[in-house]
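This is what each chain is made of:
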Amino acid sequence: MSSKNWTYDDVPEQGGKTVIVTGANTGIGFEAARALVRKGARVILGCRGREKGEAAVAKIVAEQPKGHTDLALLDLADLDSVRRFADSSIRESERLDLLINNAGVMACPESRTVQGFERQFGVNHLGHFALTALLMPHLRKTRQARVVTVSSQAHRTGSIAFDDLDFTKRGYNPMGAYGQSKLANLLFTFELQRRLEASGADTIAVAAHPGWTATDLQRHAWYARWLNPLFAMSAEKGALPTLRAATAPDVKGGEYYGPGGFYEMRGYPKRVSASDSALSLEDAARLWTTSEELTGVRFGDLPTGVP
């Protein structure tokens with residue numbers, strides 16, 4: 001795109017495309033879904049709760065009565081729900097052009113997923129890892145499909161403790177767990193891109209982060225009430241990096257998009273860099289194998305190892 005400030009006007013037409021957005025009932029997921037419907041895509045909102053999901057669909061339909069918006073229940077804290085959602089999506093759609101792995105939890109009190117994983121790692125990473133794997137055959141048969149996974153600047157403070165992913169040994173730290181999960185999002189994205197390239201697929205994997213954006217995700221963050229009025233962007237503007245990663249024709253696999261302002265907290269989206277930890281080939285390969293073992297889900301014919 002030639003425009004200095006990439007905006008909603010730069011989102012290309014999406015007519016004929018099918019999109020899944022997880023966590024689309026609120027925040028940047030909702031704004032991304034609304035924008036894509038506005039541009040002509042059929043958007044499936046993957047939401048944990050029916051009531052909030054139906055309210056989100058109703059709001060989009062009220063604005064875009066001729067748009068194509070569907071609700072499908074998806075609880076990323078339950079791998080059985082992930083499997084049901086993926087099976088239903090494959091049965092009901094002939095194509096899948098775009099998967100936006102957006103849903104997440106942040107700095108929540110210590111709790112577990114249905115399968116017993118620490119909730120932030122289980123929802124933010126393992127749930128999306130399994131979902132992407134289950135939908136990958138559908139993505140790969142759709143020309144130039146994309147997987148966009150939403151990370152965070154918190155990935156810079158994260159580390160992957162392979163001997164204590166669930167914080168059972170070191171004591172639970174809400175922000176430490178969040179940082180680990182967001183680092184996992186990037187390690188997964190970059191490893192997925194390497195494996196897609198090695199397989200010869202034209203599907204690409206891209207990442208984005210919203211900077212400092214005021215959303216319901218921050219409900220457990222003590223600082224949000226005081227600092228959001230000073231620093232935070234609206235959810236509408238915070239969705240722009242996701243939308244650029246998802247739709248801009250010049251995006252390449254393995255790229256990462258975020259706000260272009262000070263410390264990537266605010267501003268219009270641009271290509272940004274990830275931490276050295278996120279670029280670790282060794283950690284990415286180990287996380288991939290570990291995630292397959294923990295979820296019981298594998299990526300089919302993608303290469304099992306990339307040099």
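Residues numbered from 1 in each chain as written. Predicted model: local features only at pLDDT ≥ 70, side-chain atom pairs only at ≥ 80, totals over all residues. Heavy atoms only, no water.

**Quick word on the environment of valine 61**
Then, in step 1: Structurally, the position occupied by valine 61 is in helix α2 (residues 50-63).
Then, in step 2: For valine 61 and arginine 38, which are 23 residues apart along the polypeptide, the C-alpha to C-alpha distance reads 9.9 Å. (Helix = DSSP H or I, 4+ residues; strand = E, 2+ residues; numbered from the N terminus.)

**Digging into the nonpolar core**
Then, in step 1: Leu131, Leu135, Leu139, Leu192 and Phe299 are the most contacted members of the largest nonpolar core, which has 54 residues in total.
Then, in step 2: Secondary structure elements with two or more residues in this core: α3 (79-92), α4 (119-140), α5 (174-199), β6 (204-208) and α9 (281-295).
Then, in step 3: When residues of this core are assigned to their parent elements, the largest contribution, ten residues, is made by α4.
Then, in step 4: Core analysis: the second largest hydrophobic core is formed by 35 residues, Tyr8, Val11, Val21 and Val37 among them. (Core = buried A, V, L, I, M, F, W, Y, C linked by side-chain atoms within 4.5 Å. Buried < 20%, exposed > 50% of the residue type's maximum accessible area, 1.4 Å probe, protein only.)

**Observations regarding the pattern of salt bridges**
Then, in step 1: Across all of its chains, the model carries eleven salt bridges by this definition.
Then, in step 2: A salt bridge links arginine 50 to glutamate 54; its shortest N-O distance comes to 3.9 Å. In this pair, arginine 50 and glutamate 54 are both assigned in helix α2, four residues apart and thus about one turn of the helix distant.
Then, in step 3: Across the salt bridge formed by arginine 271 and glutamate 255, the nearest N and O atoms sit 3.2 Å from each other. Of this pair, arginine 271 sits in strand β8 (residues 269-271) while glutamate 255 sits in the loop between α8 (240-247) and β7 (256-259), placing them 16 residues apart in sequence.
Then, in step 4: Given a relative accessible area of 6%, glutamate 255 falls into the buried group.
Then, in step 5: Because the salt bridges share partners, they merge into one network encompassing Glu31, Arg34 and Glu63. (Salt bridge = Lys/Arg side-chain N within 4 Å of Asp/Glu carboxyl O.)

**Considering the packing of aromatic side chains**
Then, in step 1: Inspection of the entire model under this criterion finds seven aromatic pairs.
Then, in step 2: Members of the aromatic cluster, joined through ring pairs, are Phe129, Phe188, Trp288 and Phe299.
Then, in step 3: When the ring centre of phenylalanine 167 is taken as reference, the NZ or CZ atom of arginine 170 above it lies at 3.5 Å.
Then, in step 4: If you follow lysine 237 out to its NZ or CZ, it ends over the ring of tyrosine 268, 4.2 Å from the centre. (Phe/Tyr/Trp six-rings, centres within 6.5 Å; stacked < 30°, edge-to-face > 60°. Lys NZ or Arg CZ within 6 Å of the ring centre and 35° of its normal.)

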